[in-house]
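# Secondary and tertiary structure notes
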Amino acid sequence: MTRKLPIIAVATAPGKAGVGVIRISGPQLLPIAEALFHKALTPRQTNLLTLRDARGETIDQLIAIYFAAPASFTGEDVLELQCHGGPQLLELVMKRCLELGKDQGLVIAEPGEFSLRAYLNNKIDLAQAEAIADLIDAQSEAAVRGAARSLQGVFSNDINALIEEITQLRILVESTLDFPEEEIEFLENAQARQRLSAVMEKLHKLREGAKQGKILRDGIQLVLAGAPNVGKSSLLNRLAGEEVAIVTPIAGTTRDRVKESITISGIPMHIIDTAGLRETSDLVEAKGIERSWEAIQAADLVIFLQDSNSINAIDSAAVLDLKAQILKALPPKCPVLEVINKSDLLANEASHQSESPSLLISAKTGDGVETLKQKILESVGWGGSQEGAIVARRRHLDCLDRAATHLDKSQQFAADGNISLELFAEELRLAQDQLGHITGKLLPDDLLGKIFSQFCIGK
Ligand code: GDP
């Protein structure tokens, strides 16, 4: 999966900027650095240097920093070139580096290859490598802080501590396997069941934290549905405006505008407006509608908005039909919030006497919107505390879920009347493997490749 060749990439974002950074990493970089600058570079010192083309003409005056292996991000020799940040200029610098690094086999880096090398050289584990990508992609301040904690190893440390506890338990169990007649006695003496319960409790806490972490990282897919004119856009603006949040169409959907992103209490909300869900012969619009349905299938929450003026009125057949279709398309257990808008139009008593379980709001005055926000966050399981939160991914949650299933099974094999230390130990091992996958231990190469290939180039 890995190549030993030196790699190069622009590490900064495409476009014009004051500074653009090019990163080179590889087993032997000094010869390349010398060819570039005709100067021996001292590690970890800034060097103001001039880079010239083959004819001796200046390409750029830049700052070069050389990090000698293994004290670098990737664990290999690393050369960082801080150039001026013009796309054409960076292109020229790259070209010159590739020319002069040809003998050493210098090649352009694959997406995520720098992080992959850092991982393979044990500078960071897999969860930390993922946290780098999450830090860069973070959609809110809370997500930045969460990713920074994961990158520092907060999540990995908890996982490793749990793995260690399971290891200790396994050592105990496996050392007794040769004495089957002592199984019951062993379980009692070693307090194996209590220790297993403690491990399960810790895993449960980790899962809860990771669930929060996934919300922090990915945000919430919220479907906003209802008849025309019930106030969907007004509600969206109200939710966005109050938080002084950014209302931006998701890139690529400007023509179909099916999705808006806002943040509520620091949690990104991707709102799918179902207003556009209709029959169409326009190909682009049809594509947008198809994407809306895909988003609905992955929804975390749906809000059905009604107009207070029509609570008792029967919704039109078309609206009911759309509602039924949406309900059918939602993932299992997706919470549904019924919300009635335009409370300001209700007579005072009516709004107080309403026995409907629906939430009453006014997008116009903001009445009830705060409660709605809390309800939205509660419905998707957001615990409300960003204190100490980490970021996590679906992959982590899946591993934690599988580990929990194995621990459940191991508990069954240690239950009275059903004791099998061998199976007990085996399930412990399987649980441990799943936890190890989170930090990258024993993960198959193809999966690793898949994870890192989702990173962008230069990372
Ligand atoms: P949409 O078609 O569901 O997106 O509905 P809009 O947000 O465009 O609102 C339709 C109309 O209802 C507009 O004239 C809004 O000003 C009005 N409206 C929206 N929310 C409220 C509300 O809470 N109270 C009152 N009185 N009018 C509202």
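Residues numbered from 1 in each chain as written. Predicted model: local features only at pLDDT ≥ 70, side-chain atom pairs only at ≥ 80, totals over all residues. Heavy atoms only, no water.

### Considering unusual backbone geometry
- Geometrically, the link from A69 to P70 is a cis peptide bond, its omega value of 5 degrees lying close to zero.
- As for its placement among the helices and strands, P70 is situated in the loop between β4 (58-67) and β5 (77-85).
- Here N122, not a glycine, exhibits a phi torsion of approximately 60 degrees, which is positive.
- Topologically, N122 is positioned in the loop between α3 (113-120) and α4 (126-137).
- Since its relative accessible area comes to 70%, N122 is described here as exposed.
- Despite not being glycine, K333 shows a phi value in the positive range, around 65 degrees.
- Structurally, K333 can be placed in the loop between α11 (317-329) and β12 (336-341). (Helix = DSSP H or I, 4+ residues; strand = E, 2+ residues; numbered from the N terminus. Buried < 20%, exposed > 50% of the residue type's maximum accessible area, 1.4 Å probe, protein only.)

### So, the packing of aromatic side chains
- Inspection of the entire model under this criterion finds two aromatic pairs.
- A ring pair is formed by Y119 and F452, whose centres lie 5.9 Å apart and whose planes are at 35 degrees; its orientation type is tilted. Residue Y119 is located in helix α3, and its partner F452 is located in helix α16 (residues 445-453); the two are separated by 333 residues in the primary sequence. This pair shows no difference in class: Y119 is buried, exactly as F452 is. (Phe/Tyr/Trp six-rings, centres within 6.5 Å; stacked < 30°, edge-to-face > 60°.)

### Description of the pattern of salt bridges
- All told, the structure shown has 22 salt bridges when counted by the stated rule.
- A salt bridge links R395 to E130, with the shortest nitrogen-to-oxygen separation between them at 2.7 Å. Of the two residues, R395 is situated in helix α14 (residues 394-413) and E130 in helix α4; the sequence distance between them amounts to 265 residues.
- A relative accessible area of 1% places E130 in the buried class.
- Here D218 ties to R217 by a salt bridge, and the two come within 2.6 Å at their closest N and O atoms. (Salt bridge = Lys/Arg side-chain N within 4 Å of Asp/Glu carboxyl O.)

### A word on the pairing of strand β3 (residues 46-52)
- In β3, alternate side chains face the same way, and those of N47, L49 and L51 are buried while those of T46, L48, T50 and R52 on the opposite face are not.
- Across seven bridges, the pairing between β3 and β4 is antiparallel. Bridged to L49 within β4 is L62.
- The antiparallel pairing of β3 with β4 creates a hairpin that spans five residues between the two strands, and G56 there sits at a positive phi of about 90 degrees. (Pairing = 2+ DSSP bridges.)

### Concerning the sheet that holds strand β6 (residues 107-108)
- Pairing in this open sheet of six strands is mixed, and the strands run β3-β4-β5-β2-β1-β6 from one edge to the other. Where the open sheet ends on each side, the last strands, each with one partner, are β3 and β6.
- Sheet topology places β4 next to β5; five bridges connect them, and they run antiparallel. Across the sheet, the residue bridging to F67 is V78, located in β5.
- Across the face of the sheet, helix α2 (residues 87-100) comes into contact with β1 (7-10), β2 (17-26), β3, β4, β5 and β6 while running at roughly 150 degrees to β5. (Contact = heavy atoms within 4.5 Å. Axes fitted to C-alpha atoms, helices over the stretch in contact; angles between N-to-C directions.)

### Describing the site of the ligand
- Every one of the 15 residues lining the ligand counts as a neighbour, but N229, K232, S233, S234 and D344 are closest to it.
- Residue V230 places a main-chain N or O atom 3.3 Å away from an oxygen atom belonging to the ligand.
- A distance of 2.8 Å separates a nitrogen atom of the ligand from a polar side-chain atom of D344.
- Taking 580 Å² as the accessible area of the ligand by itself, protein coverage stands at 70%.
- Per-element accounting of the shell around the ligand gives the leading share, three residues, to helix α9 (residues 232-242).
- Split by residue class, the shell around the ligand holds five nonpolar, six polar and four charged. (Near = heavy atom within 4 Å. Polar contact = N/O pair within 3.5 Å; in protein donor to acceptor, adjacent residues only side chain to side chain. Areas by Shrake-Rupley, 256 points an atom, 1.4 Å probe, with all protein chains shown as cover. Nonpolar A, V, L, I, M, F, W, Y, C, P; charged D, E, K, R; others polar.)

### What to know about the state of the cysteines
- Scanning the entire structure with this criterion turns up zero disulfides.
- We note that C83 lacks a disulfide partner, and the nearest cysteine sulfur, in C97, lies 7.6 Å from it. (Disulfide = S-S within 2.5 Å.)

### Here's the deal with α4
- A rise of 1.5 Å per residue sets the reference length of α4, with its twelve residues, at 16 Å; its end C-alpha atoms lie 17 Å apart and thus fit the reference within 8%.
- Along α4, the residues classified as buried are L126, A127, Q128, A129, E130, A131, I132, A133 and D134.
- In this structure D125 caps α4, since a side-chain oxygen of it lies 3.0 Å from the backbone nitrogen of A127. (Expected span 1.5 Å × (residues − 1).)

### As for the confidence of the model for the protein chain
- Per-residue confidence for the protein chain gives a mean pLDDT of 86, with 89% of residues at or over 70.
- Confidence scores differ between elements of the protein chain, with strand β8 (residues 248-249) showing the lowest mean pLDDT of 38 and β5 the highest of 98.
- Predicted confidence for residues 242-257 stays below pLDDT 50, and this span has 35 contacts to residues more than four positions away or in other chains. (pLDDT = per-residue confidence, 0-100.)

### Some words on the pairing of β5
- Counting buried residues along β5, seven of its nine residues qualify, which places the element largely inside the surrounding structure.
- Of the strand pairs in this sheet, β2 and β5 are connected by nine bridges, and their pairing is antiparallel. Its bridge partner being in β5, V19 is matched across the sheet by H84.

### Focus: the side chain of E80
- The topology assignment puts E80 in strand β5.
- One buried charged side chain, E80, makes no salt bridge at all; its nearest oppositely charged neighbour is R23, positioned 4.4 Å away.
- Ignoring anything within four residues of it in the chain, the contact list for E80 reads V21, I22, R23, I63, A64, I65 and F67. (Lys, Arg positive; Asp, Glu negative; His and termini not counted.)

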